[in-house]
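Structural overview for review
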Amino acid sequence: MMPKVGVVSSSSLTISTKSPFRSKLEEADMNSFMGMIEAQWAQHKHVCVGLDPEVGKVPGDILGFDEPVAWVYRHMCEVVKNTAHVAAAYKPNTAFYESLGWQGVQMLEQLIGYIKAEAPNVLVILDAKRGDIGNTNEHYAKMAFNYFGADAITIHPYLGWQANKPFLDRTDKGVFVLCRTSNPGAGELQDLPTNRGKVESLYERIAKNVSSKDRWNYNGNCGLVTGGTYPGEIEQVRAIAPDIPLLIPGIGKQGGDLEASVTAAKHRFLINSSSGIIFADDPRAEAEKLDREIREVLAQLASNVRGRIVSAVEDFGRSGNVMNVVPFESDPAATSRLIDGEGAE
């Protein structure tokens, strides 16, 4: 029988049978989702590393290894250790762990424990895409937040906000709601018109409802999942929900456009990359490359905004008028208007 998967220490790949998860849980609960994500954005960090292990893709001679789950676990911990300096969040997809049975579930629990020990300020988003009637969601919320100790979870909106209150009521946790997903067939339902007086697609209605303080976002802890394969739709979502956090998957292997996605999102976003980082020959280099590319796009956007401010000031000066200039990033809404070319108020 295979022994239990242990926890890799931060200094080596020596297996330990003692998990830091339980002792770290109370400390993790003291940090709210919004507080953690705002702290990451304050450092200009936007990289989300998707921890989606597939036994056949993990580098190394895994086929000759007696304990493949332990091998995968070691690799995931190595990825965390080598990307924590640029990661704003880690996003393990539960399916990749559940498919390995009880050992996979145990691995996920201990991997999150390792993240909390190695990178306590980095968010853990449990990509579970849950959503059911209220009492079932209560148990899903306990699973994600009490048992695994995640900082946020992904859910689907199909049953409405009232059924999802067990997630939304957790003021210290984040809830990312599927809105415009990255898969090729997403438009089958998400692009359907809602028929509410004006032409409005289902994903736009979801963005509107989830960002509303009167509905889903009454605790200010909601975000939206918007695929990087559809930057035009990200732009539409951002117009509807100017300040809501966006989780953007689909960059990398799925062919999403990084520059277009960042430009459309403007601010308050996470760019997820999974296989492009975790199965790379050098995960550290790939994570740093993604971080650098995001920063370059944001720097260009900032330069464009500053250029428009200077031009506007000069135009107003020539006309003899006075304009109050809002510093870049001090007012996200004003920044978004400037990026869109709407000028200052």
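Fair warning: this is a prediction, and the values are worked out from it, not measured in the lab.

What follows is about the environment of asparagine 219. Inspection of the secondary structure assignment puts asparagine 219 in the loop between helix 9 (202–211) and strand 8 (222–226). Sequence separation of asparagine 219 and glycine 174 is 45 residues, and the distance between their C-alpha atoms is 9.8 Å. When residues no more than four places from it in sequence are discounted, the contact partners of asparagine 219 are Leu168, Asp169 and Thr171. Of note is the side chain of asparagine 219, whose polar atom sits 3.0 Å from the backbone oxygen of leucine 168.

Let's shift gears to the packing of aromatic side chains. Scanning the model with the defined rule gives three aromatic pairs in all. Between phenylalanine 33 and phenylalanine 176 the ring centres are 5.7 Å apart and the planes differ by 90 degrees, which places this aromatic pair in the edge-to-face class. A residue pair is termed long-range when its members are at least 10 positions apart, and phenylalanine 33 in helix 2 (residues 33–42) and phenylalanine 176 in strand 7 (residues 174–180) qualify at 143 residues. Judged by its relative accessible area of 0%, phenylalanine 176 is buried. If you follow arginine 180 out to its NZ or CZ, it ends over the ring of tyrosine 203, 5.7 Å from the centre. Geometry around tyrosine 230 places arginine 180 over its ring, the cationic atom sitting 4.0 Å from the centre.

To continue, consider the pairing of strand 7. For strand 7, the tally of buried residues reaches seven of seven residues, placing the bulk of the element in the interior. In this sheet, strand 7 lies alongside strand 6 (residues 152–155) in parallel orientation, the contact comprising four bridges. When the sheet's bridge partners are listed, isoleucine 155 is paired in strand 7 with valine 177. Judged from the five bridges that link them, strand 7 and strand 8 form a sheet pairing that is parallel. Looking at strand 8, one finds that valine 177 is bridged to leucine 224.

Let us look at the side chain of aspartate 52. Counting through the fold element by element, aspartate 52 comes out in the loop between strand 3 (47–51) and helix 3 (68–83). Sequence-distant contacts of aspartate 52, defined by excluding residues within four places in its chain, comprise Lys91, Pro92, Asn93, Phe96, Ser274, Ile278 and Phe279.

Between side chains of opposite charge, a pair can form as their charged atoms come close. Overall, the coordinates contain 14 salt bridges when judged by the stated rule. For arginine 205, the salt bridge is made with glutamate 200, and the minimal N-O distance between the two is 2.8 Å. Using a relative accessible area of 15% as the deciding quantity, one classes arginine 205 as buried. Residue class for glutamate 200 comes out buried when judged on its relative accessible area of 6%. The partner of glutamate 288 in a salt bridge is arginine 284, with the nearest N and O atoms 3.4 Å apart. Of this pair, glutamate 288 and arginine 284 are both found in helix 13 (residues 283–319), four residues apart, which corresponds to roughly one turn of the helix. Connected via shared salt-bridge partners are Lys91, Asp127 and Lys129.

Right, let's get into the nonpolar core. In terms of nonpolar packing, the biggest core is built from 68 residues, with Leu51 and Leu224 touching the most fellow members. If sequence neighbours within four positions are ignored, leucine 51 has contacts with Met76, Val79, Val80, Tyr90, Lys91, Pro92, Asn93, Tyr97, Leu111, Ile115 and Ile278. Counting residues in hydrophobic clusters, the runner-up holds 16 residues, among them Phe33, Ala88, Ala89 and Phe176.

With respect to the helices, strands and loops of the structure, alanine 241 is situated in the loop between helix 10 (231–240) and strand 9 (246–248). Residue alanine 241 is classed as buried on the basis of its relative accessible area of 2%. For the pair alanine 241 and glutamate 204, spaced 37 residues apart in sequence, the C-alpha to C-alpha distance is 9.6 Å.

Burial analysis of strand 8 places five of its five residues in the buried class, the great majority of the element. The alternating pattern of strand 8 places Cys222, Leu224 and Thr226 on one face and Gly223 and Val225 on the opposite face, and all of these are buried. On the question of chirality, the crossover connecting strand 8 to the parallel strand 9 by way of helix 10 is right-handed.

So, on to the sheet that holds strand 5 (residues 123–130). On the basis of which strands lie adjacent, the closed barrel formed by eight strands has the order 3-4-5-6-7-8-9-10 and parallel pairing. Strand-to-strand twist of the sheet, defined as the mean angle between neighbouring strand axes without regard to direction, takes the value 30 degrees. Pairing between strand 5 and strand 6: three bridges, direction parallel. Directly across from arginine 130, in strand 6, lies its bridge partner isoleucine 155. Those strands touched by helix 6 (residues 134–147) are strand 5, strand 6 and strand 7, and its axis lies near 155 degrees from that of strand 5. Those strands touched by helix 10 are strand 7, strand 8 and strand 9, and its axis lies near 175 degrees from that of strand 9.

With 80% of its residues at a pLDDT of 70 or more, the chain shows a mean pLDDT of 84. Long-range and interchain partners of residues 1–30, a stretch whose pLDDT sits below 50, account for 61 contacts in this model, where long-range means more than four residues apart.

Our next topic: helix 3. For helix 3, built from 16 residues, the straight-helix expectation of 22 Å at 1.5 Å per residue is met to within 8% by its first-to-last C-alpha distance of 23 Å. Among all positions of helix 3, only Val69, Ala70, Val72, Tyr73, His75, Met76, Cys77, Val79, Val80 and Thr83 are buried.

What counts as what
Residues numbered from 1 in each chain as written. Predicted model: local features only at pLDDT ≥ 70, side-chain atom pairs only at ≥ 80, totals over all residues. Heavy atoms only, no water. Helix = DSSP H or I, 4+ residues; strand = E, 2+ residues; numbered from the N terminus. Contact = heavy atoms within 4.5 Å. Polar contact = N/O pair within 3.5 Å; in protein donor to acceptor, adjacent residues only side chain to side chain. Phe/Tyr/Trp six-rings, centres within 6.5 Å; stacked < 30°, edge-to-face > 60°. Buried < 20%, exposed > 50% of the residue type's maximum accessible area, 1.4 Å probe, protein only. Lys NZ or Arg CZ within 6 Å of the ring centre and 35° of its normal. Pairing = 2+ DSSP bridges. Salt bridge = Lys/Arg side-chain N within 4 Å of Asp/Glu carboxyl O. Core = buried A, V, L, I, M, F, W, Y, C linked by side-chain atoms within 4.5 Å. Right-handed = clockwise from strand over helix to strand, strands pointing away. Axes fitted to C-alpha atoms, helices over the stretch in contact; angles between N-to-C directions. pLDDT = per-residue confidence, 0-100. Expected span 1.5 Å × (residues − 1).

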